[in-house]
Amino acid sequence: MVKKYSLPDAQGHFGPYGGIFVAETLVPALEELRVAFEACRQDASFVGEFEHELRHYVGRPSPIYHARRLSEKLGGAQILLKREDLNHTGSHKINNCIGQALLAKRMGKLRVIAETGAGQHGVATATVAARFGFKCVVYMGTEDMERQAANVYRMKLLGAAVVPVESGSKTLKDALNEAMRDWVTNVSDTFYIIGTVAGPHPYPMMVRDFQTVIGRECLTQMTEGFGRQPDRVIACVGGGSNAMGIFYPYIPHEDVRLVGVEAAGEGIRTGRHAAPLTSNARAGVLHGNRTYLMQDGNGQVIETHSISAGLDYPGVGPEHAWLKDSGRVEYVAVTDEEALDAFHTLCRFEGILPALESAHALAQAMKIAPALACDKLLLVCLSGRGDKDMHTVAERSGIQF
Amino acid sequence: MSRIQITFQQLQAAGRKALIPFITAGDPDGELTVPLMRSLVAGGADIIELGVPFSDPMADGPVIQRSSERALVKGMTLFRVLDIVRAFRSEDTLTPVVLMGYANPIEAMGQSVFVDLARQAGVDGVLVVDYPPEECAEFTANLRAAGLDQIFLLAPTSSEQRFRDVARAGSGYLYYVSLKGVTGAARLDFDEIACRIPRIRDVAKMPVGVGFGISDAEIAKRVGEVADAVVIGSRIVQEIEASPRERACANVETFTRGIRIALDELVGAHS
């Protein structure tokens, strides 16, 4: 079953979500970006260069790995892992960064900026900045800098300046605010590489399009390696870029169930979570788009909680908001504890350290697999590797390095 | 005719420039906001921009960010901001009040509820930083129907076509952001302003105010030479931040008067 799907509209709306909610100074810059991106996506030489970089610099295609021991242990559906953790820099973030860096180059921008939560997007941005010779500034909340000290050092090694963000909750959303402030100030020579499918149009569409390489590879690899498409595709959702990347090519395949996994933190009922979709948060406007947003009754954005810095975000990409309403994707949430358990299990049974973000998707697969027949296929997007999280996991286990 | 239009008409007849100070409602606390507004008027303010605090003020520099945080810690909400306007309006029926803030608190209240309550409270204009005209057509229509002005921003990056589009949606006055950056930055380009403002006025057929980065009387005066209004935010918020609570009103009034005097030196200079 293949059904047509063509969102967003020309103004970047996914139904009532998305759009361009920014101060006037950025309106022309976003229009310039939209025009440049439209031109590039139709330009064979740009597409060719993008694919060449993905192959030779990132190391794509990333394999789909059949986690046989884990599947046997669970005694139900087969668990397949899309190994984005094997990409250069260790996560799916690099796919988008390569795309935006090539675009920045074509637009003649010499300086790139980025926000980062877990540090994966910051590292990927610092990496492409080094690769293409851009000046690079990464904004990071001070709380995240503490949680992800190794990634901070990595970014510095790559030549980036890492600017600590002290405002608000000192996490990803505040880093995004600060990066926006930088962009509005240096808009003529600076390209803002947003790391997820959020922000004002065209970012949600553009980041999705660069990330769809994940899902397109899966379509081919599943046919070649398994003779059919999976029964379900499961991915974690913070802003939601790895999920959009793997879901998008599957949207028309209506017999494939798509499952987005948010961070339930200490539990949805405790209020200490980062799951706007699963907790039925109201829609609101933040960071340039309208989407489901964790907020208090007065419209103030509230602090979120997740063991995984990359999922610790009060909003979600606007296309996910639309996909929730349309029912095409089901959204669930997984707690810190469940994600940690999945992290340890994958280490022990498959010799793979997943990122804590990706461990959320894996935990959901582990939850549902035992009840399913062993010929069912669950394709999990293993969006990143977990080396960056060893400190957090060790701390949870009471171990100090 | 709206209170904002009347104000500009009277000023223009007298050859004077509008002084539009900004403070954040609830900073340092809700009780002091009406007295501060009174001090602004006593110091010579023509219109007051009252900031509605938001948790994620993306277009603001550190000074107004901090004022927003102080106000939120003390429990300021959009409902309470409207109470403040109502209290101010009960004793001052002449000075227009423009609410300035971000979209989400308004959306949380509901756009049409907000427009109703704002009109009842005596608000005259609304400036929503992250509502470009394309994203708020219904809100614009609601405000217009309620007789409230919607003030839009224009930026150094805006094209002439953009002047036209934004002017069509807005009323009252247009707010030209004098620099690429956030509020409170300090990189004014006078030549740019002198070149752009007359062109915006030609297209827009309404008064043009200039703000972001105006920090003293000298700069205010130079901007006043070309603009119809001068908006001062961060510098006044800084005055509040630096003052002991009991001195805040007096200091704000003194600072405002300094700007007023400088602007009034321009009276007749263009005849």
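Scope of this entry: the structure provided in the associated data block. Quick caveat, the model's predicted, so the values are computed rather than measured.

What about the overall build of chain B?
(1) Moving on: When its secondary structure is counted, chain B shows 12 helices and 9 strands.
(2) Moving on: Against the globule reference of 18 Å for 271 residues, chain B gives a C-alpha radius of gyration of 17 Å, in line with a compact fold.
(3) Moving on: With the C-alpha coordinates aligned to their principal axes, the bounding extent of chain B is approximately 45 × 40 × 35 Å.
(4) Moving on: Burial analysis of chain B (271 residues in total) assigns 62% to the buried set.
(5) Moving on: For chain B, the exposed surface amounts to about 9,900 Å²; the carbon and sulfur share of it is 52%.
(6) Moving on: Across chain B, the centroid of the 28 positively charged side chains sits 3 Å from that of the 35 negatively charged ones.

Considerations on the packing of aromatic side chains
(1) Moving on: Applying the stated rule across the entire model yields 15 aromatic pairs over all chains.
(2) Moving on: Three or more aromatic residues joined by ring pairs form one cluster here, namely A:F21, B:F114, B:Y131 and B:F139.
(3) Moving on: Looking at A:R131, its charged tip hangs above the ring of A:F132, at a distance of 4.6 Å from the centre.
(4) Moving on: Its guanidinium or amino end placed over the ring of A:Y248, A:R208 lies 4.0 Å from that ring's centre, counting from NZ or CZ.

Let's talk about the pattern of salt bridges
All names here are of chain A.
(1) Moving on: Counted under the stated rule, the structure contains 48 salt bridges over all chains.
(2) Moving on: Notably, a salt bridge pairs E49 with R106, separated by 3.5 Å at the nearest N-O pair. A residue pair is termed long-range when its members are at least 10 positions apart, and E49 in helix 2 (residues 44–58) and R106 in helix 4 (residues 93–106) qualify at 57 residues.
(3) Moving on: Residue classification places E49 among the partly exposed residues on the basis of a relative accessible area of 24%.
(4) Moving on: Judged by its relative accessible area of 37%, R106 is partly exposed.
(5) Moving on: Between R60 and E84 there is a salt bridge whose closest N-O contact spans 2.6 Å. Linking R60 in the loop between helix 2 and strand 3 (64–66) with E84 in the loop between strand 4 (78–83) and helix 4, this pair joins segments that are 24 residues apart in sequence.
(6) Moving on: Three or more residues are tied together by salt bridges with common partners; here these are E38, R41, R208, D209 and E319.

Overview of the nonpolar core
(1) Moving on: In terms of nonpolar packing, the biggest core is built from 196 residues, with B:L50, B:L99, B:F114 and B:F139 touching the most fellow members.
(2) Moving on: If you tally residues by element for this core, the top one is helix 1 (residues 26–41) of chain A, at 8 residues.
(3) Moving on: Contact partners of B:L50, with chain neighbours within four places excluded, come to B:F22, B:I23, B:A25, B:T33, B:M37, B:V81, B:I84, B:V85, B:V97, B:V98, B:L99 and B:M100.

Regarding the pairing of strand 9 (residues 229–232) of chain B
Residue and element names in this part refer to chain B.
(1) Moving on: Side chains A229 and V231 project from strand 9 onto one buried face, and the interleaved V230 and I232 project onto a second face that is buried too.
(2) Moving on: The pairing of strand 1 (residues 18–24) with strand 9 spans 4 bridges and is parallel. Residue P21 lies in a different strand from strand 9, and its bridge partner there is I232.
(3) Moving on: Summarising the sheet, strand 8 (residues 208–211) and strand 9 pair through 2 bridges and their orientation is parallel. Considered in strand 9, the bridge of V210 is made with V230.
(4) Moving on: On the question of chirality, the crossover connecting strand 8 to the parallel strand 9 by way of helix 10 (residues 217–224) is right-handed.

Rules behind the numbers
- Residues numbered from 1 in each chain as written.
- Chains lettered and ligands numbered in written order.
- Predicted model: local features only at pLDDT ≥ 70, side-chain atom pairs only at ≥ 80, totals over all residues.
- Heavy atoms only, no water.
- Helix = DSSP H or I, 4+ residues; strand = E, 2+ residues; numbered from the N terminus.
- Rg over C-alpha atoms; globule rule 2.2 N^0.38 Å.
- Buried < 20%, exposed > 50% of the residue type's maximum accessible area, 1.4 Å probe, protein only.
- Areas by Shrake-Rupley, 256 points an atom, 1.4 Å probe, with all protein chains shown as cover.
- Lys, Arg positive; Asp, Glu negative; His and termini not counted.
- Charge placed at Lys NZ, Arg CZ, Asp CG, Glu CD.
- Phe/Tyr/Trp six-rings, centres within 6.5 Å; stacked < 30°, edge-to-face > 60°.
- Lys NZ or Arg CZ within 6 Å of the ring centre and 35° of its normal.
- Salt bridge = Lys/Arg side-chain N within 4 Å of Asp/Glu carboxyl O.
- Core = buried A, V, L, I, M, F, W, Y, C linked by side-chain atoms within 4.5 Å.
- Contact = heavy atoms within 4.5 Å.
- Pairing = 2+ DSSP bridges.
- Right-handed = clockwise from strand over helix to strand, strands pointing away.

Interpretation in functional terms is not warranted from these geometric data alone.
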